[in-house]
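# Working through the structure, step by step
Here is what each chain is made of, one letter per residue.
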Amino acid sequence: MASKVYAGRYTIDNTEDMVVFIIGMRVNNRLAVHKWFPVFKAMPGMIKELYTNKEELGFLSMESYFGLKTTTMIQYWRSLEDLLAYAKNEKHLTAWKQFNQKAHSNDAVGIYHETYQISKGTYESIYVNMPHYGLGKALSHIPVTSEKSSARKRLQKQ
C-alpha cells in the first residue's frame, strides 16, 4: 500500500520531551537458524501489541530496517516512564526471559538497544516530498514556515 506523499517542506512540532529507543538483533551465525529464528519471531507480537495499544502504552511510532545480518528498529516513545513500564509488561518479559534462557549458551544471535531521552526544542527534522516518516510519523507533522525555515530555527527551545 502506497503512502501519501506530502509535497513541499515539512517538519515536526518539537514542543514535547520524548524518548528514542533503538533496538535490534544481529545474526552471528546464519546457518544456526534454529537458534536465531526464535529471537526474530518474538518481535512481531510485541510490535502488534504496541500499535494496538499506542495511546495506553505511550508508544508513538517506529521504523524498521533489515540488513543481511542486522535488523534495527527505531522507536519513538512519549516518555522514559512509558518505555520502562512496557519493559515490565508480560509479553515483553516473557520474550526477554525466553531469550535469556537460550542466549546464555548461544552466540549465534545477539541483541542490542540504546535509549535516548530528548528534551523539547533539542531535536528537529525536515521532510521534503515525503510520506509521514520517522519523527514526522510519531509527532505532529507540520508545514515549514518562515519561523522554522532552518535547522537552527527549528532547534530553538520553545
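Attention here is on the structure that accompanies the text. (Residues numbered from 1 in each chain as written. Predicted model: local features only at pLDDT ≥ 70, side-chain atom pairs only at ≥ 80, totals over all residues. Heavy atoms only, no water.)

Attention shifts here to the nonpolar core. Judged by nonpolar contacts, the single largest core of 14 residues is most densely connected at Leu50, Trp77 and Tyr86. Residues contacting Leu50, with those up to four places away along its chain left out, are Leu57, Phe59, Gln75, Trp77 and Tyr86. Counting 13 residues, the second largest nonpolar core, distinct from the first, contains Ile12, Met18, Tyr76 and Ala138. (Core = buried A, V, L, I, M, F, W, Y, C linked by side-chain atoms within 4.5 Å. Buried < 20%, exposed > 50% of the residue type's maximum accessible area, 1.4 Å probe, protein only. Contact = heavy atoms within 4.5 Å.)

Turning our attention to the pairing of strand β2 (residues 18–27). One face of the sheet, then the other: side chains in a regular strand alternate in exactly this way. β2 sits mainly inside the fold: nine of its 10 residues count as buried. Pairing between β2 and strand β5 (residues 109–118): 10 bridges, direction antiparallel. From the neighbouring strand, Met25 faces β5, where its bridge partner is Ile111. Across eight bridges, the pairing between β2 and strand β4 (residues 70–77) is antiparallel. Residue pairing across strands places Ile22 opposite Ile74, the latter belonging to β4. (Helix = DSSP H or I, 4+ residues; strand = E, 2+ residues; numbered from the N terminus. Pairing = 2+ DSSP bridges.)

What the largest pocket holds in volume is close to 830 Å³. Contributing to the lining of the largest pocket are 38 residues, with Ile23, Met43, Met46, His92 and Ile111 lying nearest its centre. Those elements giving two or more residues to the lining of the largest pocket turn out to be β2, α1 (33–52), β3 (59–66), β4, α3 (80–87), α4 (90–103) and β5. In terms of residue count, α1 provides more of the lining of the largest pocket than any other element does, 10 residues in total. Along the lines of polarity and charge, the residues of the lining of the largest pocket split into 26 nonpolar, nine polar and three charged. (1 Å grid on protein atoms, 1.4 Å probe; cavity = no way out; pocket = protein on both sides within 12 Å on 5 of 7 lines; lining within 4 Å. Points joined across faces, edges and corners; volume = space filled by probe spheres on them. Nonpolar A, V, L, I, M, F, W, Y, C, P; charged D, E, K, R; others polar.)

With respect to the helices and strands, the residue Ser125 is situated in the loop between β5 and β6 (127–130). With residues up to four places along the chain from it excluded, the contact list for Ser125 reads Tyr10, Thr11, Ile12 and Arg154.

Next up on the list: the pairing of strand β1 (residues 6–12). Strand direction decides the pairing type here: β1 and β6, joined by three bridges, are antiparallel. Among the inter-strand pairings, Tyr10 is bridged to a residue of β6, identified as Tyr127. Taken together, the three bridges between β1 and strand β7 (residues 141–143) define a ladder with antiparallel strand orientation. The partner of Ile12 across the bridge, within β7, is His141.

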